[in-house]
Amino acid sequence: MSSAENKKRCMAMVLLMVGLFGLVIAQDQFLYGTFPKGFLWGAATASYQIEGGWNENGKGENIWDRMVHAYDGGIKDNSTGDVAADSYHKYMDDVAALKETGVNFYRFSLSWSRILPTGRIDQINQDGIDYYNKLINALLDKNISPMITLYHWDLPQPLEDIGGWLNEEVVDIFGAYANLSYSSFGDRVKSWITFNEPLVQSHLGYGLGIFAPRVKGSGKTDYIAAHNQIKAHARAWRIYDADYRATQNGEVGITFNCAWDEPKTQNPEDIEAAERALQFELGWFAHPIFSANGDYPPIMKEYIASRSAKEGYNMSRLPEFGQTWVNYIKGTHDFFGLNHYTSRLIYRVKGGNETSYENDQDLASSSDPSWPSSASSWLKVVPWGFRKLVNWIHKEYNGVRLIVTENGFSDHGQIKDDDRAKYYTSYINELMKAINLDGCNIFGYTAWSIIDNFEWSSGYTEKFGLYSINFTDPRRPRSRKFSAEVYSNIIANNGFPASSTNNMTMYPFKIQFPSKQHNLHDHL
Ligand code: PNW
């Protein structure tokens with residue numbers, strides 16, 4: 001190669017690197033500005049992760065109680081949620097933490113088996129109703145709106161004994177439980193989420209068998225469990241719509257988890273694979289409910305049918321709704337709930353031979369070594385992925401009204417949690433860009449979680465709280481972490497107005513704000 005050619009190549013390399021660097025800076029650039037007036041700020045928990053009181057005052061056993069009490073409970077530190085944060089007794093401490101943080105709403109879930117020990121409405125446990133009434137009233141008293149998740153993975157064990165989410169009968173049983181919840185609390189509760197992350201319940205609970213009820217059968221049973229949860233969601237929404245909306249004036253939505261799936265290379269096969277990953281992860285549940293035509297995403301139907309045929313099945317392993325159910329499910333939403341934590345790099349690979357949800361997709365994922373890590377192996381810090389994901393949803397589901405129902409960061413529980421404070425600051429800033437610069441239709445944000453809690457199969461080894469809990473102290477005292485102060489400031493300012501964010505005393509640690517101020521105006 002001539003030296004002139006060499007020089008040219010070097011120059012091209014340098015230009016490419018400068019270009020890439022520019023892109024990274026643009027993605028990481030901090031934007032001053034505020035959220036739209038009336039934007040809602042919240043924090044979340046889930047019953048099994050915080051309540052404890054697992055068999056107190058008439059509560060029935062659920063699938064997580066059963067799992068953690070088994071000889072090999074499958075929990076990292078062999079812990080249980082028997083006491084957890086003891087919110088069954090200490091809920092007033094939770095309300096105080098929420099008040100101190102300044103949230104507008106609190107997202108929590110009902111323990112189905114605390115209200116209905118058998119899962120069915122023929123046996124109501126009044127103590128369970130009383131407990132949630134006390135919590136709801138205490139919140140309202142402090143001007144905090146309750147947002148209730150009906151199902152956050154803790155199915156009553158007697159329903160699992162008849163097959164759980166693999167049994168279609170549970171669709172109607174869930175409808176009856178939803179009905180009881182609306183009639184008991186709906187005079188004061190105006191915001192309902194039917195299911196939290198049906199993907200995690202289906203795939204981890206009824207596919208990989210890592211979460212309760214530990215059923216293994218990926219590529220088959222996870223699809224069936226998902227199918228019945230989607231039907232149960234529609235049933236619950238329609239009951240509210242027909243019998244409660246006119247008098248109670250509330251809203252019913254559903255919450256999905258989704259990472260941002262970035263193509264690992266610009267190779268068209270990888271770009272397609274990343275799109276396919278989003279359809280298998282989010283479209284699986286969102287397409288039947290939020291798309292114009294309803295039903296599962298076409299790409300998912302095509303891939304699973306073709307692999308099923310090759311495996312010798314005479315029909316697809318993905319169940320079919322049929323037109324009646326497609327119509328019944330389509331449009332059953334008042335808002336789109338999104339739980340988002342992290343991003344992945346996706347590339348195409350031929351799926352392995354074994355039958356599984358993973359192999360059905362013909363793709364694999366990795367992460368970029370430059371992405372900061374957390375205490376959870378799956379959670380890497382990629383703020384710009386948040387903005388890309390909500391934009392993708394905005395386009396895919398026709399400008400749908402979205403609320404972020406979870407977002408947060410795990411560490412080992414230290415009070416001076418700078419990494420969590422930075423996570424919240426940068427992710428919330430990206431969300432603000434999605435609203436103010438991109439026009440996404442987002443009306444609220446929820447931090448996961450207000451307190452440290454039982455992190456499912458990781459037990460107490462990963463902490464997500466804005467408040468720390470001493471789990472070895474029987475009184476379970478709560479202490480405010482640094483990130484709670486930072487989040488509280490963001491709420492008080494409704495974002496990042498230039499004047500207050502410039503004042504570094506607001507953040508006792510140094511956040512890397514750019515020296516040049518970027519405000520909305522510069523970007524428009
Ligand atoms: C969510 N993943 O779960 C749940 O809704 C919470 O109960 C949980 O505590 C929180 O996120 C933190 O994990 C997820 O593997 C569990 O990608 C696993 C994943 C995502 C969300």
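About the criteria used
- Chains are numbered independently. Their residues run from 1 in the order of the written sequence.
- Reporting in this predicted model follows two pLDDT cut-offs: at least 70 for local features of residues, and 80 or more for side-chain atom pairs to be given and counted; totals over whole chains, interfaces and linings ignore these cut-offs and use all residues.
- Remark: hydrogens and water are excluded; side-chain values derive from all non-hydrogen atoms of the structure.
- Secondary structure elements follow DSSP: runs of H or I of four or more residues count as helices, runs of E of two or more count as strands, with numbering from the N terminus.
- Accessible area is worked out with a 1.4 Å probe on protein chains only. A residue is then buried under 20% of its type maximum, exposed over 50%, and partly exposed in between.
- Here a residue-residue contact requires only that any non-hydrogen atoms of the pair lie within 4.5 Å.
- Strands qualify as paired when DSSP identifies two bridges or more between them.
- In this description, a line fitted to the C-alpha atoms serves as the axis of each element, helices being fitted only across the stretch in contact, and the angle between N-to-C directions of two axes falls anywhere from 0 to 180 degrees.
- Being near a molecule or strand, for a residue, means having at least one of its heavy atoms within 4 Å of it.
- Side-chain atoms alone can form a polar contact between residues adjacent in sequence; in general such a contact is a pair of N or O atoms within 3.5 Å, and within protein one must be able to donate a hydrogen while the other accepts it.
- Only the protein chains shown count as covering a residue, and every accessible area follows the Shrake-Rupley method with a 1.4 Å probe.
- Ten residues, namely Ala, Val, Leu, Ile, Met, Phe, Trp, Tyr, Cys and Pro, are considered nonpolar, four, namely Asp, Glu, Lys and Arg, are considered charged, and the remaining ones, Gly among them, are considered polar.
- Stacked, tilted and edge-to-face are the three classes assigned to paired rings of Phe, Tyr and Trp, where Trp is represented by its six-membered ring and a pair needs centres within 6.5 Å; plane angles under 30 degrees give stacked, over 60 edge-to-face, the rest tilted.
- Take a side-chain nitrogen of Lys or Arg and a carboxyl oxygen of Asp or Glu: if they are within 4 Å of each other, that pair is a salt bridge.
- Per-residue confidence from the prediction method is given by pLDDT, with values spanning 0 to 100.
- Here roughly perpendicular refers to angles of 65 to 115 degrees, roughly parallel to angles under 35, roughly antiparallel to angles over 145, and oblique to all remaining angles.
- Here, nonpolar core refers to any group of buried Ala, Val, Leu, Ile, Met, Phe, Trp, Tyr and Cys residues whose side-chain atoms link them within 4.5 Å.
- Here the expected span of a helix is defined as 1.5 Å times the quantity of residues minus one.
- By construction, the arc corresponds to the directions joining the helix axis to the C-beta atoms.

### Remarks on the overall build of the chain
(1) Moving on: Summing up its helical and strand segments, the chain has 19 helices and 15 strands in all.
(2) Moving on: Sorting the 524 residues of the chain into buried and exposed places 60% on the buried side.
(3) Moving on: Expressed as a percentage of contacts within the chain between residues at least 6 apart in sequence, the contacts between residues at least 24 apart total 76%.

### Let's talk about the sheet that holds strand S3 (residues 105-109)
(1) Moving on: Read around the closed barrel, eight strands run S2-S3-S4-S5-S6-S8-S11-S12, paired in parallel fashion. This sheet shows a mean twist of 25 degrees between the axes of neighbouring strands, independent of strand direction.
(2) Moving on: Bridge analysis of strand S2 (residues 40-44) against S3 gives three bridges, and the strand direction is parallel. When the bridges of S3 are listed, Ala-43 appears paired with Tyr-106.
(3) Moving on: Against the sheet, helix H6 (residues 126-141) contacts S3 and strand S4 (145-151), and its axis sits at roughly 170 degrees relative to S3.
(4) Moving on: Along the sheet, helix H8 (residues 169-185) contacts S4, strand S5 (191-196) and strand S6 (251-257); its crossing angle with S4, the most-contacted strand, is approximately 165 degrees.

### With respect to the site of the ligand
(1) Moving on: Neighbouring the ligand are 13 residues, the closest being Gln-49, His-152, Glu-406, Glu-455 and Trp-456.
(2) Moving on: Note that an oxygen atom of the ligand is positioned 2.9 Å from one of the side-chain N or O atoms of His-152.
(3) Moving on: In isolation the ligand offers 450 Å² of accessible surface; the protein chains occlude 86% of this area.
(4) Moving on: Residue composition of the shell around the ligand, grouped by class: six nonpolar, four polar and three charged.

### Overview of the side chain of Ser-109
(1) Moving on: Mapping Ser-109 onto the fold places it in strand S3.
(2) Moving on: Ser-109 gets classed as buried once you look at its relative accessible area, which sits at 1%.
(3) Moving on: From its side chain, Ser-109 meets the backbone nitrogen of Ser-47 in a polar contact 2.7 Å long.
(4) Moving on: The contacts of Ser-109, once residues within four sequence positions are left out, are Thr-45, Ala-46, Ser-47, Glu-51, Tyr-132, Thr-149 and His-152.

### Topic: the packing of aromatic side chains
(1) Moving on: One pass over the full model with this rule turns up 61 aromatic pairs.
(2) Moving on: A ring pair is formed by Tyr-88 and Tyr-131, whose centres lie 5.0 Å apart and whose planes are at 50 degrees; its orientation type is tilted. In this pair, Tyr-88 is assigned in helix H4 (residues 87-101) and Tyr-131 in helix H6, connecting sequence segments 43 residues apart. For the pair shown, Tyr-88 and Tyr-131 are each scored as buried.

### Describing the pattern of salt bridges
(1) Moving on: Summed over the entire model, instances satisfying the criterion amount to 30 salt bridges.
(2) Moving on: Close ionic contact of Asp-417 with Arg-420 constitutes a salt bridge, the shortest N to O distance being 2.9 Å.
(3) Moving on: Residue classification places Asp-417 among the buried residues on the basis of a relative accessible area of 1%.
(4) Moving on: On the accessibility criterion, Arg-420 (0% relative accessible area) is buried.
(5) Moving on: What you see here is one network of salt bridges that share partners, running through Arg-307, Glu-311, Arg-317 and Asp-360.

### Overview of the sheet that holds strand S7 (residues 260-263)
(1) Moving on: With mixed pairing, three strands are arranged side by side in an open sheet as S7-S9-S10. Both edges of this open sheet fall to S7 and strand S10 (363-366), since each of them pairs with a single strand only. Ignoring which end each strand starts from, the neighbouring axes of this sheet average 40 degrees apart.
(2) Moving on: The pairing of strand S9 (residues 343-348) with S10 spans four bridges and is classified as antiparallel. Bridge pairing links Leu-345 to Ser-366 in S10.

### So, the confidence of the model for the chain
(1) Moving on: Of all residues in the chain, 90% attain a pLDDT of 70 or more, and the chain-wide mean is 92.
(2) Moving on: Across residues 13-25, where pLDDT falls below 50, the model places zero contacts with residues more than four positions away in sequence or in other chains.
(3) Moving on: In this model, residues 512-524 is a region of pLDDT below 50 whose contacts with residues beyond four sequence positions or in other chains number 27 contacts.

### With respect to the packing of helix H12 (residues 268-290) against helix H15 (residues 383-396)
(1) Moving on: Following both chains from N to C, one finds H12 and H15 inclined at 75 degrees, their axes separated by 13 Å at the closest point. Taken together, the axes of H12 and H15 lie roughly perpendicular to each other. Within the contact between the two elements, H12 uses Glu-275, Leu-278, Gln-279 and Leu-282 and H15 uses Leu-389, Trp-392, Ile-393 and Glu-396.
(2) Moving on: Classifying every residue of the contact of H12 with H15 by side-chain character gives five nonpolar, one polar and two charged.

### As for the nonpolar core
(1) Moving on: One finds Trp-64, Trp-165, Phe-336 and Tyr-445 to be the most contacted residues of the largest nonpolar core, which totals 148 residues.
(2) Moving on: If you tally residues by element for this core, the top one is helix H10 (residues 221-243), at 10 residues.
(3) Moving on: If we skip the residues at most four places from it in the chain, Trp-64 touches Tyr-48, Ile-75, Trp-153, Asp-154, Phe-211, Ala-212, Phe-454, Trp-456 and Ser-457.
(4) Moving on: Membership of the second largest hydrophobic core comes to six residues, among which are Phe-105, Met-147, Ile-193 and Phe-443.

### Points about the environment of Thr-255
(1) Moving on: Looking at the secondary structure, you find Thr-255 in strand S6.
(2) Moving on: Taking relative accessible area as the criterion, Thr-255 reaches 0% and is therefore assigned buried.
(3) Moving on: Along the primary structure Thr-255 and Glu-197 are separated by 58 residues, whereas in three dimensions their C-alpha atoms are 5.7 Å apart.
(4) Moving on: When near neighbours in sequence (up to four residues on either side) are disregarded, Thr-255 contacts Arg-107, Ile-193, Phe-195, Asn-196, Glu-197, Pro-198, Gly-337, Asn-339 and Thr-405.

### Details of the pairing of S3
(1) Moving on: Across the five residues of S3, five count as buried, placing the element largely inside the fold.
(2) Moving on: Sheet topology note: the S3/S4 ladder contains five bridges and is parallel. Each residue of the ladder has a partner; that of Phe-108, found in S4, is Ile-148.

### Points about helix H13 (residues 298-310)
(1) Moving on: Across its 13 residues, H13 extends 18 Å between first and last C-alpha, which sits within 8% of the 18 Å expected from 1.5 Å per residue.
(2) Moving on: Along H13, the residues that are buried comprise Met-300, Tyr-303, Ile-304, Arg-307 and Ser-308. The arc that holds every buried residue of H13, seen down its axis, measures 125 degrees, which confines them to one face. Summarising the geometry of H13, the exposed residues directed more than 90 degrees from the buried face are Pro-298 and Lys-310.
(3) Moving on: In this fold, the buried residues of H13 make contact with H10 and H12.
(4) Moving on: Where H13 ends, the next residue or the one after it, Gly-312, has phi of about 95 degrees, a positive value.

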